[in-house]
Amino acid sequence: MTDKFYDIVVVGAGIVGAALARELSAYDLKIAVIDRAADIPSGASRANSAMIHAGYDDKPGTLKAALCARGNSLYRELAGPLDITLQNRGSYVCGFDDRDLKHLEILLDQGRSNGVPGLEIIGGDELRSAEPNVSPGIKYALRAPTGCIVNNFEAVLAFMDNAQQNGAELFLETELKGLALSEDGGEVAGAITSRGLFRTRCVVNAAGVDSDLVARMAGDESFSISPTRGEYYIFDKNYGRLVHSFFFPCPTEKGKGITVAPTAENNLLVGPTSEVQESRTDTSTTRRGLDDVAEGARSLVPSITPAMAITTFSGLRASADTGDFVIGPLDSPRGFVNVAGIKSPGFTSAPSIARRVVEMMKDALSDRLTFAPNVSFVPERRHIPRFESLPAEEKARLAAEDPRYAQIVCRCETVTEAQIVEAIRRGARTVAAVKIWTRAGAGRCQGGFCGPRVVAILARELGIPPEEVTRHGGHSRLLVGRTKDYWFKGAGR
Ligand SMILES: Cc1cc2nc3c(=O)[nH]c(=O)nc-3n(C[C@H](O)[C@H](O)[C@H](O)COP(=O)(O)OP(=O)(O)OC[C@H]3O[C@@H](n4cnc5c(N)ncnc54)[C@H](O)[C@@H]3O)c2cc1C
């Protein structure tokens, strides 16, 4: 059992938990962030469209509407200091007929009420003069110049990294199992986890698709989550040039629809579907889902062909039956705070959610927590050098300083040994974590070439046998033993 005391235990190190931990680390508080995964991000923050929405989608008066446009402007402020790749490419919602035009007009009005700048409806020809590969059938488009594309992995790492620099502690492979309460049951006294008890005055529920299950631990049955799967294709880098901006169809009652967009690294991303399911863990892709993705994508950009995809993936939205984010402290037990049901535009909203939650905590929990400033708070951090995109002189300078920058491990993404070693120094413990930090294995061959070298570097740097290196923690070992041992055993029989 740990007998450590923390002022606040944040459950979940997705974008919401990470952004909140950073915001809280500006105060003189002892903060623990726990996540059951072996690497972050692991939930919806890992598998999404990576769009920083402009903020026109949600009805004025909802939390989503209030927090999305503000989140968009906070990303612009924070991307530089936190060294997050953020590209302001704008977005379009496309309309094919006059019925769609009515939808676009509603979104335009909503966006203006939500304070989204620069929205306008343009004609199909004007759109195609900027984006020649989109469908000739598109007659109108709502243009949102503030829509951005983010590297979602970097964003979560950046918030968490900076929170840790400012004193927050991250505990991976640590699952919340229950709450310890005061004798009268009215106050939070601890977080009971798979690694023992964390004594605390405050537990924040940022557990994504499981946030209703965590709320139940506090006796809160006010909302339920329906996991809603979204499947994607991802294409090789050359295909990112098919479009410059982010493209949506008109939204339906199922959501924002199947989109086409470049990623921050210029891959092409198409998807997602939207299917409610029972399972909170099943993120497989299906033939039917991917066929729907291909059809939806081709209606926006007809030349897209799935044969050129390099991989597929899916993510689970935390759809709350309230229809909105569920944010705020409970009256009882005191010290329990929900930041739950954060589905789209949750990634966008995370920085403004974090600010809103801190203000709520200051108001509602002033008898339990003291928000004195952290006088040594540092608001900036740097990511591992992105070797591939550096100018030649900078590459040469790094290689002269550290010869491991001259050792290319991942050829598809030009990732060097030095970057991988630095990722491990910053906390990467699995092959998946190295990929998240550096993109080694994210390219066309999907780790076919660099996978064994990444395993060898992890084993060497962590001082463990290669057989103990895992893909993503737990039982996901990649090697079962030495071929030689197996060969001799077989030959002896
Ligand atoms: C298909 C799809 C597309 C999307 N596209 C966009 C988009 O383009 N733009 C946008 O703004 N938003 C988008 N979203 C929404 C966005 O991804 C989410 O709102 C956001 O990532 C939610 O972050 P989170 O931190 O609340 O949850 P998560 O990222 O899911 O993190 C929750 C964490 O809690 C941990 N956890 C759960 N239970 C426990 C426990 N008992 N103990 C310890 N740890 C626990 C999990 O391991 C996980 O790491 C999309 C979502 C999906 C699924």
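What you see is a predicted model; the values in this text were computed from it and never measured.

1. Re the sheet that holds strand β3 (residues 51-52)
- Taken in spatial order, the 3 strands of this open sheet run β3-β8-β4, and their pairing is antiparallel. The sheet terminates laterally at β3 and β4 (86-87), the two strands that pair on one side only.
- Note that β3 and strand β8 (residues 148-150) share 2 bridges and pair antiparallel. Following the sheet pairing, Met51 is matched in β8 by Ile149.
- Strands in contact with helix α2 (residues 63-82) are β3, β4 and β8; relative to β8, the strand with the most contacts, it is inclined by about 55°.

2. Let's talk about the pairing of strand β19 (residues 326-329)
- Taken together, the 4 bridges between β19 and strand β20 (residues 336-340) define a ladder with antiparallel strand orientation. By the bridge assignment for β20, Ile327 is matched with Val339.
- Here β19 folds back onto β20 in antiparallel fashion, the turn holding 6 residues, of which Gly335 has a positive phi close to 100°.

3. Regarding the nonpolar core
- Residues Leu20 and Ala21 are the most contacted members of the largest nonpolar core, which totals 148 residues.
- By residue number, the principal contributor to this core is α2, which donates 11 residues.
- With near-sequence residues (within four places) excluded, Leu20 lies in contact with Val10, Val204, Ala206, Val339, Ala354 and Val357.

4. Describing the domain arrangement of the chain
- Along its sequence, the chain is organised into domain 1 (1-85 + 150-224 + 321-383), domain 2 (86-149 + 226-317) and domain 3 (387-481).
- Its C-alpha centre places domain 1 at a distance of 29 Å from the equivalent point of domain 3.
- Contacts between the two partners involve 7 residues from domain 1 and, on the opposite side, 12 residues from domain 3.
- Taken together, the residues of the side of domain 1 that touches domain 3 break down into 4 nonpolar, no polar and 3 charged.

5. Some thoughts on the packing of helix α1 (residues 15-24) against helix α8 (residues 346-364)
- Where α1 contacts α8, the two axes come as close as 8 Å, and the packing angle between them is 40°. Of the two elements, α1 crosses α8, and the hand of that crossing is right-handed. Contacts between α1 and α8 involve Ile15, Val16, Ala19, Leu20, Glu23 and Leu24 on the former and, on the latter, Gly346, Phe347, Ala350, Pro351, Ile353, Ala354, Arg355, Val357 and Val358.
- Taken together, the residues of the contact of α1 with α8 break down into 12 nonpolar, 1 polar and 2 charged.

6. Digging into unusual backbone geometry
- In this structure, the amide linkage connecting Ile40 to the following residue, Pro41, adopts the cis form with an omega of -5°.
- Structurally, Pro41 is set in the loop between β2 (31-34) and β3.
- Phi at Ala50 is positive, roughly 60°, even though this residue is not glycine.
- In this structure, Asp83 takes a positive phi of about 55° despite not being glycine.
- Along the chain, Asp83 turns up in the loop between α2 and β4.

7. Remarks on helix α12 (residues 451-462)
- Over its 12 residues, α12 runs 16 Å from end to end, which matches the ideal 16 Å to within 8%, given 1.5 Å per residue.
- Within the span of α12, buried status applies to Gly451, Val454, Val455, Ile457 and Leu458. Taken end-on, α12 shows its buried residues confined to a sector of 165°, consistent with a single buried face.
- Looking at the buried positions of α12, the neighbouring elements they touch are β21 (408-410), α10 (417-425) and α11 (431-438).

The rules behind the values
- Per chain, the residues get numbers from 1 upward, laid out in the order the sequence is written.
- Under the rules for a predicted model, residues below a pLDDT of 70 receive no local features and side-chain atom pairs below 80 are neither given nor counted, while totals for whole chains, interfaces and linings still include all residues.
- In this scheme, strands are said to pair when DSSP sees at least two bridges between them.
- Counting from the N terminus, the helices are the DSSP runs of H or I reaching at least four residues and the strands are the DSSP runs of E reaching at least two.
- Any two residues are considered in contact once their C-beta atoms, placed from the backbone, lie within 7 Å.
- With axes taken as lines fitted to C-alpha atoms, and helix axes fitted only over the stretch in contact, angles between N-to-C directions fall between 0 and 180 degrees.
- A set of buried Ala, Val, Leu, Ile, Met, Phe, Trp, Tyr and Cys residues, joined to one another through C-beta atoms within 7 Å, is what we call a nonpolar core.
- Three exposure classes are used, all based on how many other C-beta atoms lie within 10 Å of a residue's own C-beta (placed from the backbone): buried at 20 or more, exposed at 12 or fewer, and partly exposed between those limits.
- Segmentation into domains, and thus their bounds, comes from an automatic or database assignment.
- In this count, Pro and Cys sit with the nonpolar residues alongside Ala, Val, Leu, Ile, Met, Phe, Trp and Tyr, while Asp, Glu, Lys and Arg are called charged and the others, Gly among them, polar.
- Less than a right angle of anticlockwise turn of the near helix away from the far helix marks a crossing as left-handed, whereas a clockwise turn marks it as right-handed.
- To estimate how far a helix should extend, the number of its residues minus one is multiplied by 1.5 Å.
- By construction, the arc corresponds to the directions joining the helix axis to the C-beta atoms.

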